[in-house]
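So you can see what is in the structure, the chains are spelled out below.
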Amino acid sequence: MKLLFENFDRPGLNTLAVYEDAGGYKQLRRALKLEPADVLAELQASGVRGRGGAGFAMGKKVSFLPQGTMDKYLVCNADESEPGTFKDRELLQKNPHLLIEGMIIAAWAAGINRSFIYIRGEYLHQADILDAALAEAREAGYIGDRILRSDHSLDMVVHRGAGAYICGEETALLDSLEGKRGNPRLKPPFPALQGLYKGPTLINNVETLMNVPHIVEMGGEAYAKIGTETSTGTKVVSVSGCVRRPGNYEIPLGVPSRELIFGLAGGPPEGRTVKAWFPGGSSAPVLPGTDEMLDLPYDFDSLAKAGSMLGSGAIIVIDDSIPIVDVALKTAKFYRHESCGKCTPCREGTNWTVKMLERIDSGEATPMDLDIMASVQEQIIGNCLCVLGDAMAMPIGSMIKHFREEFEAHIDMRREENGLGAAIPQVNRGRHAGPGPMREPTGVDPTAVVV
Amino acid sequence: MAIDPSRIKRFEHGSRVPGWDDAVDLTKDPAVVPDPATTPVPKELRAEIEAHMAKYPDPRSASIPALHAVQRWHGWCSPTAIEQAACVMRLTPAYLTAVATFYDMFDTVPTGDNTIYVCTNISCSLRGADDVYAAMLEAAGGDPNFNVRGFECLGACDIAPMASVNGEYVGPLTRDDCKIIVGALREGREVLPEKQLRKRPLADTLPLEESGS
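Definitions and limits used
Residues numbered from 1 in each chain as written. Chains lettered and ligands numbered in written order. Predicted model: local features only at pLDDT ≥ 70, side-chain atom pairs only at ≥ 80, totals over all residues. Helix = DSSP H or I, 4+ residues; strand = E, 2+ residues; numbered from the N terminus. Rg over C-alpha atoms; globule rule 2.2 N^0.38 Å. Buried ≥ 20, exposed ≤ 12 C-beta atoms within 10 Å, placed from the backbone. Contact = placed C-beta atoms within 7 Å. Nonpolar A, V, L, I, M, F, W, Y, C, P; charged D, E, K, R; others polar. Pairing = 2+ DSSP bridges. Axes fitted to C-alpha atoms, helices over the stretch in contact; angles between N-to-C directions.

Account for the overall build of chain A, with residues named and values stated.
Broken down by element type, chain A carries 18 helices and 11 strands. Taken over the C-alpha trace, chain A has a radius of gyration of 24 Å; the compact-globule value for 451 residues is 22 Å, and the two agree within 12%. Seen along its three principal axes, the alpha-carbon backbone of chain A occupies a region of about 90 × 45 × 35 Å. Of all 451 residues assigned to chain A, the portion counted as buried reaches 56%.

Would you mind going over the overall build of chain B in detail, with residue names and values included?
The number of helices and strands found in chain B is seven helices and four strands. Each helix and strand of chain B, ordered N terminal to C terminal, gives the series α-α-α-α-β-α-α-β-β-β-α. On C-alpha atoms alone, chain B measures out to a radius of gyration of 23 Å, which is more than a quarter above the 17 Å that the 2.2 N^0.38 rule sets for 213 residues. In terms of its C-alpha atoms, chain B occupies a principal-axis envelope of roughly 70 × 65 × 30 Å. Out of the 213 residues in chain B, the part that is buried amounts to 40%.

Which residues make up the environment of Gln-126 of chain A, and what values do they have?
All names here are of chain A. Along the chain, Gln-126 falls in helix H7 (residues 124-139). With 27 C-beta atoms packed within 10 Å, Gln-126 lands in the buried category. For the pair Gln-126 and Gln-93, spaced 33 residues apart in the sequence, the C-alpha separation amounts to 5.0 Å. Ignoring anything within four residues of it in the chain, the contact list for Gln-126 reads Arg-89, Leu-92, Gln-93 and Ile-119.

Go over the interface of chain B and chain A with me, naming the residues and quoting the values.
Listed as interface residues are 45 residues of chain B and, on the opposing side, 54 residues of chain A. Among the elements of the structure, helix H2 (63-74), helix H4 (93-102) and helix H5 (122-125) of chain B are those that each provide at least two residues to the side of chain B that touches chain A. Residue composition of the side of chain B that touches chain A, grouped by class: 23 nonpolar, 13 polar and nine charged.

Requested: an account of unusual backbone geometry, with residues and values cited.
All names here are of chain B. Of note, the amide linkage connecting Ala-160 to Pro-161 takes the cis form, showing an omega dihedral of -10°. Among the structural elements, Pro-161 can be located in the loop between strand S2 (146-151) and strand S3 (163-165). Here Gly-171 and Pro-172 are connected by a cis peptide whose omega angle stands at -5°. In this fold, Pro-172 is placed in the loop between strand S4 (168-170) and helix H7 (175-187).

Tell me about the sheet that holds S4 of chain B, residues and numbers included.
Residue and element names in this part refer to chain B. Reading across from one edge, S2-S1-S3-S4 is the order of the four strands in this open sheet, with mixed pairing throughout. On the outer flanks of this sheet lie S2 and S4, each paired with one strand and no other. Sheet twist, expressed as the average angle between the axes of neighbouring strands with direction ignored, equals 20°. Two strands pair when backbone bridges link them, and strand S1 (residues 114-119) and S2 are joined in this way by six bridges, in the parallel orientation. Bridging from a neighbouring strand, Cys-119 pairs with Phe-151 of S2. Where helix H6 (residues 129-140) meets the sheet, its contacts fall on S1, S2 and S3, and the angle it forms with S1 comes to roughly 160°.

Have a look at this one:
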C-alpha cells in the first residue's frame, strides 16, 4: 500500500512535467470545482491525524479556523529536526510538487490566501528543489491570483530556518517566521485563532499536507479504511540506529512494529538483539525490546497505551552492545543544547540531567542520583510552555524505569574503575527523592551518631 | 583582621569578578538603527535583503534570510555584517545580534570557509559518529580554512554516520573518508560523489547490509 511513495524514484519527479505526467495537479483541479466546505468534509471524514508529532486530527484543526475574510495563513512545518526523523527530507527532495498541491487544496478548504513553508536551514539541497518547484508552479498558474480561473488565490513563500530544533514547535516556528528568536508562546490563544502576525493560522507537517491530494482522490471515507479505526492512512516511518537497512518505509498504520524493525529494516546486525527502541523519535519514551512490545501494532493509540507515542514516526533501534547510559547522555545533551531557555524547568532540568548523567559516567554517582534524576523528570513534565522539556523528561524517565539495574551496574562499574568502591546506600533521601522503594541500608546504622 | 584593599587581586576593570561576557562592551554607545549615510552597504547585498523583505507581510520576517545573506557575503556574522543588515532592515544591530546568536548556523565568530557539520546525535552515534567526528577533526588538523563542528541531528539517519560538507550530505562515513573529504575540499574536487545522499534511492530497493558491519 503506497500513497506518498508512489512513483517515488521516478527520475525527475521533482519537476513539473514529470509530476503532471504521473497525474499531478489533477486533484487540485477537482478540489477547486468543489465547495471549500465539501473539501473540508472529506478531510474530516478521512480522520487523517497530524504526522508531525502530536497526532491531532487535521480536519478538526482546519475547522477551528474562524470563518470570514480576514488574512489567514497556512504554514507548512518542514523544520524536521527530531533526532531519528528524516521522512520530510526525502519527501521534499523527491516529490516537492505533491506538497505544493496539498497546500493549495488545504488553503482552499480553510479559506486561506497566504502560505509559508518553513524548511530547516540545514536542508540546502531540498530548499533549492522546493524553490525551483515553486517557481515552476507559479509559472504554470498553480500559485498566484485566481488559480486555474477559480476564486482561489494563494501566495507561497519558502522560508529557510537557521538551525534550531525548537523552531519545529508550532508557536516557536511562528516567532521565528516573524523574524524573532524562536521562543515558544503561551497557549492559548492557539495558532488557529491567533498565530502568524496575530492572524488565524493553520500549521501542518509536510507529510500531513502531502496526504491531502490523496484524500481528495480517494474520498475521505475510502482513505479512512486504510490503517486502523483511529489511526487512518499510511505513514512514512524512518527506521534508523542499529538496523541493517535504515531508511524510510511507507506502511499502513497498525502494522506490527516487529514487521518494521525486522522485516523492512532487516533487524539488528547478526548476533545482536534489540535492547530498546524509540518508537517515535527521541522525544518518545523508550520501549524495551521484549516480544510483547515488539508485537505492538504501529499506530497512535496502541503505542500510547503501551506508555510511549508514535510522535514523528521515527524508530531508533538500540541493540545490546550499546550501554543505555550513553544513549541517555546523548539524548539529554541534545535537549540541553536545544532548550531555548525561556522557562526554568526545561532550561535547568535539561542542564542538571546532563550533569547527573555525567556524574554517573565519571564514577562519582550513587544510586540516589537515579532517584533525584527521576524526580527531576517528573517536575519538568507539564510545567513548561512547550513540550521540549517533556521531550527530554519522557525518554530519560523511561530509560531509568526500564533499565534501572543497568544504570546501577554502570554506577558501580565506574566507581570501581575509579577506585571508589561500592556506593554507600543513602538513607536520608529527603522529601524530593522521588519514586522508588526505600531500601534497607546495609552495613550502615542510620541511627548512629556521626562524630 | 583588617583586609588590605591593595592586596586584593582585581581585574582590569577594577572588579574582583570577571564581569560580563566579552560580547558586552560597556564602553560602546547604545545601539540605534544605523544611519544609512554612514553605513555603506554593498549594492547587491542591499538588493538581496530588500527582495527578501518584500516577500513577507511584515518586513521584519526577513531577519533570518538577511542574516544568511550577510553571512554569505562576509563569511560570518561580524559586527559590520549585522550593522549592514540592520541598516537595510531599519532595525537595531542589537535585535539582529539577539537573533543571530539564537540559531546554530550563524557564526558570530570568524570561521573557516569550508563548513563541515558532523552529526553526533543519537542515531549516528549508535553507528560510530563520535569516532568519525574525531577523525574529521584530526584530518582537518586545525586548518583555519575548515570549520568542523559536531552538530545535532541533521535529518539523515539513513546514511549514518554522516556529515554535511558545505551543505552536501554524505554518508555512511568511515574514518578514512574524513581524509578524502578534507583532501577533496583542499583541491576543490567534488566530495565523495558515490556517497552523496541526493543519489540515494528509497531504502526498500537497497540490499541489506552485511551483518557485523
